[in-house]
Structure formats: structure tokens, C-alpha cells
Amino acid sequence: MSEIDKERAAMTPEEQKVFQARQKHRAVIMAGLLIFMVVLFYLITIVKIGSGS
């Protein structure tokens, strides 16, 4: 085993739940940002096409 593996202890069930909750929260934020960017690009495209004529 490497030195890093020896220093890292297994997570308790409570720590695991906290870790997974943080991961889920981060994933929800990233999904929200992605949806926002898609909508923003869509609106910018519509405005550019509309003003081009």
C-alpha cells in the first residue's frame, strides 16, 4: 500500500451521507448553470437573427 492509502481512513456512514449531499448539491448547481447558458445562447441567437433582417 502506498503512503497516501495508509493515511486515508474509510468514511463513516454519516460522513458518506454528508459527502454525497455535497456532491448532489454541486451537481444541481452545475445543471442549473448549464441550463442558464443554453437559454442565454438561444436568446442571443434569436435576437441576432431578428435584428439581421
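For the structure, see preceding data.
Everything quoted here is computed from the prediction, not taken from an experiment.

(A) Local environment of the overall build of the protein chain. Across its full length, the protein chain carries two helices and zero strands. The burial tally for the protein chain puts 0% of its 53 residues in the buried class. Total accessible area on the protein chain is roughly 5300 Å²; 68% of this is exposed by carbon and sulfur atoms.

(B) Broad picture of a nonpolar patch on the surface. A cluster of nonpolar side chains, contributed by I35, V39, Y42, L43 and I46, occupies part of the molecular surface with about 510 Å² of accessible area. Note on placement: I35 falls in helix α2 (residues 13-52).

Cut-offs used in this document
- Residues numbered from 1 in each chain as written.
- Predicted model: local features only at pLDDT ≥ 70, side-chain atom pairs only at ≥ 80, totals over all residues.
- Heavy atoms only, no water.
- Helix = DSSP H or I, 4+ residues; strand = E, 2+ residues; numbered from the N terminus.
- Buried < 20%, exposed > 50% of the residue type's maximum accessible area, 1.4 Å probe, protein only.
- Areas by Shrake-Rupley, 256 points an atom, 1.4 Å probe, with all protein chains shown as cover.
- Patch = residues over 30% accessible without salt bridge, like charges linked within 9 Å, V, L, I, M, F, W, Y side chains within 5 Å.
- Salt bridge = Lys/Arg side-chain N within 4 Å of Asp/Glu carboxyl O.

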